[in-house]
Amino acid sequence: MKILICLSNVPDTTTKIKFTDDNTKFDETGVQWVINPWDELALTRALELKEDAGANVEKVTVINVGLANTEPTIRKALAIGADDAIRVNAEPKDAFFVASQIANAIKDQGFDIIINGIESSDFNGSAVGGMLAEMLDLPSVSAVSAMKVENGAIVIDREIDGGKEVLSIETPFLAVVQKGIALEPRIAAMRGIMMARKKPLTIIEAVDVQAMTDFVAYEMPQPKPPCKMVDADNVKDLVNLLHNEAKVI
Amino acid sequence: MSVLVFTENWDGKFKKSSFELVSYASKIAEMLNTSTVALSIGNVTEDELKNLGKHGADKILSVTDERFNYLENQAYTSVIAQAAAKESASVLVFANNNMGKALAPRVAVKMNAGLGAGVDQLPKSTEPFTIHKKVYSGNAFGNVIIKTDVKVLTLMQNSFMIVENQKDGAVETFAPEVNEAHFKTKVKDVAKQTGQIILTDAEIVVSGGRGMKGAENWGAIEELAEVLGAATACSRPVSDEGWRPHNEHTGQTGKIIAPNLYIAAGISGAIQHIAGVSGTKCLVAINTDKDAPIFEVADYGIVGDALKVLPELVAGIKELKS
């Protein structure tokens, strides 16, 4: 079985978000770039399945749509344990553009399971996975919080509002995974970092696709008034404020 | 032309988010001078379907085919696209929840439509069609132009007020073409809570962190949730410790929620936790550490031991309600 993980290259989650050029461009000054946290969990789970002999996973590939500056992030995925990588050489314009590039790059490669993280921590779109599945005419399962192989069959936990469903599905399919898919992201060991330099990273040129959306301007959240403190001995004051001022109870 | 709303029901009753969606869609329909059509998939009574008319649905398409009892993304996508084609929909609206996130991107590709995911207000303009959405996990917002003729939007929960807007709400049975090849998943087991309030659909959420000191103290959280009609949640360390189930974890890697009122008891407010609740309208923090980062984002705060404060809060709210 061959597994593909789609990676986003995103600012580290503790980055102070700023913009330049009259709030039209993200300010990359001093930003640390990382594998999108959910994609990292997806990769971790794929590697766990590869180590499980019963799961019969022969290869884990990662793909990213980005310019050469995303290669450190791709190499990190290889250092964590992916077998090989694909980079589609293009500036990601929107989710439709990214999904189109991935669809084109992998359409003849016969991946059995394609995994996307639930959203990227930059644009929070939750879109590439579903779009890619539709473009490839593949079944998809979203909100996946667990994935196992039992007697050769794929068994998935899908979160639903207020509960979960356990379902089985045949390959090929696409999974959009979230919290629970793996406990902690795997960290690259020194040996992995050394090996990553020698692993294959294929660069594919982009196809001509138009983005369907344009980011025109960013806004910072309105500065919020300072927290109104209530004395711990007068909890009733809080009840009054919530009822009369905030009007939420 | 029309604006098509994808609604969701919970055991035959529409979710609160579906009424938000219909209210929202009917406002967009007004902006575009067109009508609002709601699509319901599942076993919902005519009376309940009619409730969508009270919030702005001119027409309701009802699909009751049992093959749709469980979500099958490709099959649902096909139904929604057929409904959109039949009603010449130019805007399709979904909730930005599990189901909306599963379907909206697929539907967008199928209909050659641009996707605006996680919008938090009405479009700023319809020409060009400009939406406003959260980016960088709530640390900023983006204005985005959707350039295609057909637009697909997912609306953040609790970001649009439910309004009364009585419309015709004519119920029409809709029998779409169904492709058996689209049914690829088999549901083997379902664990579904009953009777409780669903966390992602809740208006009020009471959440506990490490400051609650142990699973045995959760009675105080549950009691407050009960008097407020709230759902319960927790921070990541709490679910990692196994004090509470993982499905209660709110935060960047857990559930992302946007209730009207979020009460954080014994939660210090790590940036990843805040990212999951940044859409909250009113945030109340109770923490022993006056320098905890949660107070920087809270609207109201009490420096104190949550285990002492929560029972007093319960008493105060009971008094208010009586």
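Quick caveat: nothing in here was measured; it's all calculated off a predicted structure. (Residues numbered from 1 in each chain as written. Chains lettered and ligands numbered in written order. Predicted model: local features only at pLDDT ≥ 70, side-chain atom pairs only at ≥ 80, totals over all residues. Heavy atoms only, no water.)

What follows deals with the domain arrangement of chain B. Residues and elements named next belong to chain B. Domain annotation for chain B reports domain 1 (2-182) and domain 2 (199-321). Taking the mean C-alpha position of each, domain 1 and domain 2 sit 31 Å from one another. With nine residues of domain 1 in contact, the opposing surface of domain 2 contributes 12 residues. Counting the contacts that link domain 1 with domain 2 gives eight residue pairs in polar contact (both at pLDDT 80 or more). (Domains from an automatic or database assignment. Contact = heavy atoms within 4.5 Å. Polar contact = N/O pair within 3.5 Å; in protein donor to acceptor, adjacent residues only side chain to side chain.)

All names here are of chain A. Taken together, Met190, Ile193 and Met194 make up a surface patch of nonpolar side chains, about 300 Å² in accessible area. With respect to the helices and strands, Met190 occurs in helix α5 (residues 190-196). Overall, the relative accessible area of 60% leaves Met190 in the exposed class. (Patch = residues over 30% accessible without salt bridge, like charges linked within 9 Å, V, L, I, M, F, W, Y side chains within 5 Å. Areas by Shrake-Rupley, 256 points an atom, 1.4 Å probe, with all protein chains shown as cover. Salt bridge = Lys/Arg side-chain N within 4 Å of Asp/Glu carboxyl O. Helix = DSSP H or I, 4+ residues; strand = E, 2+ residues; numbered from the N terminus. Buried < 20%, exposed > 50% of the residue type's maximum accessible area, 1.4 Å probe, protein only.)

With that settled, the discussion passes to the pattern of salt bridges. Per the stated rule, a full pass over the model turns up 34 salt bridges over all chains. Glu40 of chain A is paired through a salt bridge with Lys76 of chain A; the nearest N and O atoms lie 3.3 Å apart. With Glu40 of chain A in helix α1 (residues 37-51) and Lys76 of chain A in helix α2 (residues 71-80), this pair connects stretches of sequence that are 36 residues apart. Taking the shortest distance from any N to any O, the salt bridge between Lys110 of chain B and Glu134 of chain A comes out at 3.8 Å. One end of the pair, Lys110 of chain B, is in helix α4 (residues 98-110); the other, Glu134 of chain A, is in helix α4 (residues 128-135), on a second chain. Given a relative accessible area of 15%, Glu134 of chain A falls into the buried group. Three or more residues joined by partner-sharing salt bridges are found here, namely Lys59, Lys86, Glu87 and Glu172 of chain B.

Quick look at the nonpolar core now. With 61 residues, the main nonpolar core has Leu39 and Leu92 of chain B as its most contacted residues. Among the elements that line this core, the one with the most residues is helix α3 (residues 95-106) of chain A, at eight residues. The contacts of Leu39 of chain B, once residues within four sequence positions are left out, are Leu4, Val5, Phe6, Thr7, Leu61, Val63, Val79, Ile80, Ala83 and Phe174 of chain B. Of all hydrophobic cores here, the second largest spans 39 residues; its members include Ile113, Ile156, Phe173 and Ala175 of chain A. (Core = buried A, V, L, I, M, F, W, Y, C linked by side-chain atoms within 4.5 Å.)

Next up on the list: the sheet that holds strand β13 (residues 185-192) of chain B. Pairing within the open sheet is mixed, and its 10 strands lie in the order β13(A)-β7(A)-β6(A)-β1(A)-β8(A)-β12(A)-β9(A)-β10(A)-β11(A)-β13(B). Lying at the two open borders of the sheet, with one neighbouring strand each, are β13 (201-205) of chain A together with β13 of chain B. Between one strand and the next, the sheet's axes are offset by a mean angle of 30 degrees, whatever the strand orientation. Note that strand β1 (residues 2-7) of chain A and strand β8 (residues 113-117) of chain A share three bridges and pair parallel. Looking at the pairing, Leu4 of chain A lines up with Ile114 of chain A of β8 of chain A. Here α2 of chain A sits on the sheet and contacts β1, β6 (59-66), β7 (84-89) and β13 of chain A; the angle it forms with β7 of chain A, its principal contact strand, is near 160 degrees. Contacts from α4 of chain A reach β1, β8, β9 (140-150) and β12 (173-177) of chain A, with the element oriented near 175 degrees to β12 of chain A. (Pairing = 2+ DSSP bridges. Axes fitted to C-alpha atoms, helices over the stretch in contact; angles between N-to-C directions.)

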